[in-house]
Structures are given as structure tokens and as C-alpha cells.
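# Descriptive structure summary
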Amino acid sequence: LSSVPISMALIVGVALCLAVLHGLEAIVWALGYVHLGAVSSQSDAMLYSLDSMTSRGGSGLVLEERWRMMGAAEASDGMLLFGISTAFIFAVMARIWKKSWQVGP
């Protein structure tokens, strides 16, 4: 059994787990927006949350004025966590690469 497919499966598995965790984080933010009354509906809250987290900003949705700083906080949080996730995937890949080049037990 080749180590390349196993390595690829491990990297894909890590990436999928991180995507699920980012999705759960977006859900928590969206629930917060709905609970605070910052957005009128759950679907708008989820769209706004994903849009803010990815720093895309193209949904056209706007939070109630007193909650706008919360949206900016989510955007900075999302950028930070995507950066950390990228570093984590890189660390996993580096470890796999290092192990594949080791000679002996």
C-alpha cells in the first residue's frame, strides 16, 4: 500500500474537519446575531455570518447599527482562524513529508 494515498487521505481528512469546525463557528455567530436581534431571520444571520467570516462582504446584509462592531469582530476572527487553519494544515503536511524522507525505523 502506497503512502501517497494515505497521506492525501490524512490531509483531506484534516481539511474536512477544519471546514466543519469553521461551519460550526459560523452557526454560533449566527445564533448570536438572531438572539441579539441584530439580523431579522436565521437564514440571513447564517449568510451574514459566513460572509463576514470569510471577509467577502458581498451579501448586502447589514447588522442593526448597534451590532455592526460585532460583525467586524467576526471578520477579524475569521481571518485569524483561517490563518491558523492554514498553518495547521501546513504543519500536518510538513510532518508527513518529514516522515516520508526518514530512513530506518
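On a predicted model such as this, the values are computed, not experimentally measured, just so you know.

### Observations regarding the packing of aromatic side chains
Scanning all chains against the criterion turns up 2 aromatic pairs. Consider the rings of Trp29 and Tyr33, whose centres lie 6.1 Å apart with planes at 40 degrees: the pair is tilted. One end of the pair, Trp29, and the other, Tyr33, are both in helix H1 (residues 3–36), 4 residues apart, so they sit about a helical turn from each other. Here the two residues Trp29 and Tyr33 agree in accessibility, since each one is buried.

### A word on a nonpolar patch on the surface
Side chains of Val20, Leu21, Leu24, Ile27 and Leu31 sit close together on the surface and give an oily, nonpolar patch of about 470 Å² of accessible area. Tracing the backbone through its elements, the reader meets Ile27 in helix H1.

### With respect to the side chain of Glu74
Structurally, the position occupied by Glu74 is in helix H3 (residues 68–100). Here Glu74 sits buried without a salt bridge, and the closest side chain of opposite charge, Arg56, lies 13 Å off (N-O distance). In this structure the side chain of Glu74 is engaged in a polar contact, spanning 2.6 Å, whose partner is the side chain of Ser49. Those residues in contact with Glu74 that sit more than four places away from it in its chain are Trp29, Tyr33, Ser49, Ser52 and Met53.

### Comments concerning the nonpolar core
Ranked by size, the top nonpolar core spans 10 residues in total: Ala26, Trp29, Ala30, Tyr33, Ala38, Val39, Ala45, Tyr48, Met53 and Leu63. Mapped onto this core, the elements with two or more residues apiece are H1 and helix H2 (42–53). The element that contributes the greatest number of residues to this core is H1, accounting for 4 residues. What Ala26 contacts, discounting residues up to four positions off in sequence, is Met46, Ser49, Leu50 and Met53.

Reading guide: rules and limits
Residues numbered from 1 in each chain as written. Predicted model: local features only at pLDDT ≥ 70, side-chain atom pairs only at ≥ 80, totals over all residues. Heavy atoms only, no water. Phe/Tyr/Trp six-rings, centres within 6.5 Å; stacked < 30°, edge-to-face > 60°. Helix = DSSP H or I, 4+ residues; strand = E, 2+ residues; numbered from the N terminus. Buried < 20%, exposed > 50% of the residue type's maximum accessible area, 1.4 Å probe, protein only. Patch = residues over 30% accessible without salt bridge, like charges linked within 9 Å, V, L, I, M, F, W, Y side chains within 5 Å. Areas by Shrake-Rupley, 256 points an atom, 1.4 Å probe, with all protein chains shown as cover. Salt bridge = Lys/Arg side-chain N within 4 Å of Asp/Glu carboxyl O. Lys, Arg positive; Asp, Glu negative; His and termini not counted. Polar contact = N/O pair within 3.5 Å; in protein donor to acceptor, adjacent residues only side chain to side chain. Contact = heavy atoms within 4.5 Å. Core = buried A, V, L, I, M, F, W, Y, C linked by side-chain atoms within 4.5 Å.

All quantities given are derived from atomic positions and should not be read as evidence of function.
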